[in-house]
Amino acid sequence: MLRRWVIVVGGVLVAFVVLSLALTRITPEPVRSAITQPGPVVVVGLPGAQWADVTQQREPGLSALLQIAGTASLTPKATTTPTCTADAWLSLSAAEGADASCRMPEPRVSGGGATVPGWSSLRSANQDAPGSPDIGMLASSFAGRDQCVAAVGRGAALAAADRDGKVERYFSSPTQDAMSACPVTFVDLGTSAGVAPADIDKAIQPVFTNIQGSATVIITGLSDGTDDEPAPRMLMTVGSGVKRGALTSQSTQQTGFVTAPDVSATVLARLGDQPDGSVGSPLTVRPDRTTPDAEIATDLRAADLKLMRSQDVSLPYVVAAGVLAVLVLGVGAWRWRRRGAPPSWLGPAAVTVASLPVASWLASAVPWWRGGPTTLWFVVAVVVAAALVVSVAYAGPWREWAAGPPLVVAAITLAVMALDVVTGSQLQLIAPQGLQPLLGGRYHGMGNAAFGFFASAALLLGGLSAMRLVWWDDTDETDVRLAAASVGVVGVAAAVVDGHPSWGADLGGPPAILAATAVVVALILRVRPTKRRVALLLLGVLAFVALAAWLDWRRGPGSRSHLGRFVQQIADGEALGVIGDKLAGNVGLLFSSPLALLVPVVLVLAWVAVLRPEGRLGRPLQWLWDELPLLRWVCVGLLVCWSVAFVLNDSGVGVPATGAQLAVPLLVAAAVAAWRDRTAD
């Protein structure tokens, strides 16, 4: 048995590594070129401008820049969605999301400079806000090196003001003096309504006419303007130190996508090292000299459409999947209770419901968002993917075992999500319960909703595999230890994938997975909890997370993920504030809707049902624990994971919800099969 276990586990791990390497070779890491700034840098704001606006017919001058420009789509998210123009400009001054309450005051001009009215109130409000954005940081950083920052227009004044609200050089229009006054210049070409002008070419011509020397020019849509929905905005960069191609950054790790803080980070790169608290990363470019200009513009518009369409189907999908799960499991449970036996369709139906999360990931592999009724094509893609997953679950000899099909669905879910984050999160980027970058989510790594699926799949795979090894009527000590080892191997591997800075880059996930894994292993081995053992467990989890965070921190400010930035926040004495902000965010999300409030209530009821099998809630499950004792411990592990993640993450309320979306149907399917085995005997 031991030899077979080693072969199987080793084979699975080798297969995962080989498949990861193969996928990485298919989608290799692109060669990136840094942007150099031999002359001044000019940031031009065209509020709300999208790549759909940049066509040869509408803006021939701007379109002509595609011959030499680095291009990308920008997420303007500041503190709210959609992001207004004033907030977007102010966020550039802090190099992170800031709040101007969507008010853009007229600067008070004095001599060659200006001051921003109400700046002290703005600064106080932002310092008290989550994250404590340091507005004015950018200009003050340059002032510390005896360099000035100029502003052209009132929106630009918000970006160019220092921590005292002073703009060293201010101009009302992009004259020759304005373009040569400072090494850094922000130019607001928006209208009084905070949107891009109707004729962009005409508005931007004076900027290029009056620029002196080999300037680097960043042109961006920077905000959502007056739109009611968030959307990607255009960004192009031209200059002697910019190669033609697709822009990216370390903060997104997605070619063709950047964030607003990346613009600030690029400007700050002139000073050398990035500030330790920097959220963004300097822009880099993937050189491309061969793709025609028209094709570049078409690809950029297609990328924008992909993100917007995925956002459109997100809420309908989540609602539909939730309603379907409630109907299938609710009707099945009602008929089971009424007839004293589960209906024949309940097991396969539950497995089908559980396959929907991974099916929605797999659907992202086909371009359902291109043309036609996109919602219909998305539904078709999910249905086909779910059918394939269910077919595999019932195709092999494992279907004869009670937990066989649930184990296969858990394994497929875990493998797909792990391979996705290892190879760049391409599927999760547009999955309806994925990263949600337009709403301020990440462009790579493991999102909270995805973590619920991923962690639950890992615990179910490890636990159900352990069940296959352990038969309590004839088991021996070796089988028990191998069962515990199965849970441990899967759990630790999942924690590594989730916590690795270049893969999941998750701070709150690994502690939840490791704690749950340790609890299940201890229950299998019948290890009694003592203060010393609990302390060792906590120290081990902390050491794992601390090592991953420290390794990430060593990569430098411009390359850090959530893990490394938290280490820097500890060093800066800001850790307690960050933790407080995350707790406040979690509480705010908890009270955002009645459904969210149900999550902790249901979680507590689940704990009572599992821990007190003799009670009213637990009594209906007593037969299942008698039939499959280890399944109860798997449920304990799931509840530990969900509870810890619920507390540690700023939107942790979503983890139990998505985890249950996968785990509950699979547990129901296992229960149905166990009932049939029991009655057959």
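Since the structure is predicted, the reported quantities are computational estimates derived from the model, not experimental observations. (Residues numbered from 1 in each chain as written. Predicted model: local features only at pLDDT ≥ 70, side-chain atom pairs only at ≥ 80, totals over all residues. Heavy atoms only, no water.)

1. Some words on the overall build of the protein
Then comes step 1: When helices and strands are tallied, the protein shows 24 helices and 14 strands.
Then comes step 2: Considering the protein as a whole, with its 681 residues, one finds that 53% of them fall into the buried category.
Then comes step 3: For the protein, restricting intrachain contacts to residue pairs at least 6 apart in sequence, the fraction spanning at least 24 positions comes to 71%.
Then comes step 4: Of the roughly 29300 Å² of accessible surface on the protein, 62% is carried by carbon and sulfur atoms. (Helix = DSSP H or I, 4+ residues; strand = E, 2+ residues; numbered from the N terminus. Buried < 20%, exposed > 50% of the residue type's maximum accessible area, 1.4 Å probe, protein only. Contact = heavy atoms within 4.5 Å. Areas by Shrake-Rupley, 256 points an atom, 1.4 Å probe, with all protein chains shown as cover.)

2. A short note on the environment of Phe142
Then comes step 1: Examined against the element boundaries, Phe142 turns out to sit in helix H5 (residues 137–143).
Then comes step 2: With relative accessibility at 0%, the residue Phe142 sits in the buried group.
Then comes step 3: Residue contacts for Phe142: discarding those within four places in its chain leaves Gln147, Val149, Val184, Val267, Leu268, Arg270 and Leu271.

3. So, helix H21 (residues 594–611)
Then comes step 1: Helix length check: H21 (18 residues) gives 27 Å between terminal C-alpha atoms against 26 Å at 1.5 Å per residue, within 8%.
Then comes step 2: Buried within H21 are the following residues: Ala596, Val599, Leu603, Ala609 and Val610. (Expected span 1.5 Å × (residues − 1).)

4. Details of the sheet that holds strand E5 (residues 113–115)
Then comes step 1: Within the open sheet, the three strands sit side by side as E4-E5-E7. Their pairing is antiparallel. The open sheet has two edge strands, strand E4 (108–110) and strand E7 (166–167), and neither has a second partner.
Then comes step 2: The pairing of E4 with E5 spans three bridges and is antiparallel. Considered in E5, the bridge of Val109 is made with Ala114. (Pairing = 2+ DSSP bridges.)

5. With respect to the nonpolar core
Then comes step 1: Phe451, Phe454 and Ile524 are the most contacted members of the largest nonpolar core, which totals 90 residues.
Then comes step 2: The biggest single contributor to this core is helix H15 (residues 448–469), with 14 residues.
Then comes step 3: Ignoring anything within four residues of it in the chain, the contact list for Phe451 reads Met446, Ser456, Asp498, Asp506, Gly509, Ala512, Ile513, Cys641, Ala645 and Val655.
Then comes step 4: Ranked by size, the runner-up nonpolar core spans 48 residues in total, among them Val149, Ala156, Ala160 and Leu283. (Core = buried A, V, L, I, M, F, W, Y, C linked by side-chain atoms within 4.5 Å.)

6. Brief notes about the pattern of salt bridges
Then comes step 1: Across all of its chains, the model carries eight salt bridges by this definition.
Then comes step 2: In this structure, a network of salt bridges that share partners links the residues Arg123, Asp134 and Arg163. (Salt bridge = Lys/Arg side-chain N within 4 Å of Asp/Glu carboxyl O.)

7. Regarding the pairing of strand E9 (residues 184–188)
Then comes step 1: Within E9, five of the five residues are buried, which leaves it mostly tucked inside the rest of the structure.
Then comes step 2: By the alternation rule, side chains of E9 split into Val184, Phe186 and Asp188 and Thr185 and Val187, which are all buried.
Then comes step 3: As defined by bridge partners, strand E2 (residues 41–45) adjoins E9 across five bridges and the pair is classed as parallel. Its bridge partner being in E9, Val44 is matched across the sheet by Val187.
Then comes step 4: Looking at chain direction, strand E6 (residues 149–152) and E9 are connected through four bridges and run parallel. Along E9, the bridge assignment pairs Val152 with Val187.

8. A short note on the state of the cysteines
As used here, a disulfide is simply a covalent bond connecting the sulfur atoms of two cysteines.
Then comes step 1: Scanning all chains against the criterion turns up two disulfides.
Then comes step 2: One disulfide in the model links Cys84 with Cys102; its S-S distance is 2.2 Å. Between Cys84 and Cys102 the sulfur-sulfur dihedral comes to about -100 degrees; the bridge is accordingly left-handed. Remark: Cys102 occurs in the loop between helix H3 (85–94) and E4 and Cys84 occurs in the loop between strand E3 (70–75) and H3; sequence separation between them is 18 residues.
Then comes step 3: Look at Cys84 and you get buried, because its relative accessible area is 12%.
Then comes step 4: The side chain of Cys148 participates in a disulfide bridge whose partner is Cys182; the two sulfur atoms lie 1.9 Å from each other. What sets the handedness of the Cys148 and Cys182 disulfide is the S-S torsion sign, and at about -120 degrees it is left-handed. (Disulfide = S-S within 2.5 Å.)

9. Here we look at the side chain of Thr413
Then comes step 1: Looking at where Thr413 falls in the secondary structure, it is placed in helix H13 (residues 404–422).
Then comes step 2: By relative accessible area, Thr413 is classed as buried at 0%.
Then comes step 3: A polar side-chain atom of Thr413 sits 2.8 Å from the main-chain carbonyl oxygen of Val409.
Then comes step 4: Not counting the four nearest positions on each side in its chain, Thr413 is found in contact with Val358, Phe453, Ala457 and Leu662. (Polar contact = N/O pair within 3.5 Å; in protein donor to acceptor, adjacent residues only side chain to side chain.)

10. Observations concerning the side chain of Gln37
Then comes step 1: Tracing the sequence through the fold places Gln37 in the loop between strand E1 (33–34) and E2.
Then comes step 2: Here Gln37 falls in the buried class, since its relative accessible area comes to 16%.
Then comes step 3: Here Thr266 takes part through its backbone oxygen, which lies 2.8 Å from a polar atom of the side chain of Gln37.
Then comes step 4: Among the polar contacts listed, one links the side chain of Gln37 to the side chain of Arg270, at a separation of 3.3 Å.
Then comes step 5: The residues touching Gln37, leaving out its near neighbours within four places in the chain, are Thr216, Thr266, Ala269 and Arg270.

11. So, the pairing of strand E14 (residues 284–287)
Then comes step 1: Of the strand pairs in this sheet, E1 and E14 are connected by two bridges, and their pairing is antiparallel. The residue of E14 that forms the bridge with Ser33 is Val285.
Then comes step 2: Across four bridges, the pairing between strand E12 (residues 245–248) and E14 is antiparallel. Within E14, the position partnered with Leu247 by the bridge is Val285.

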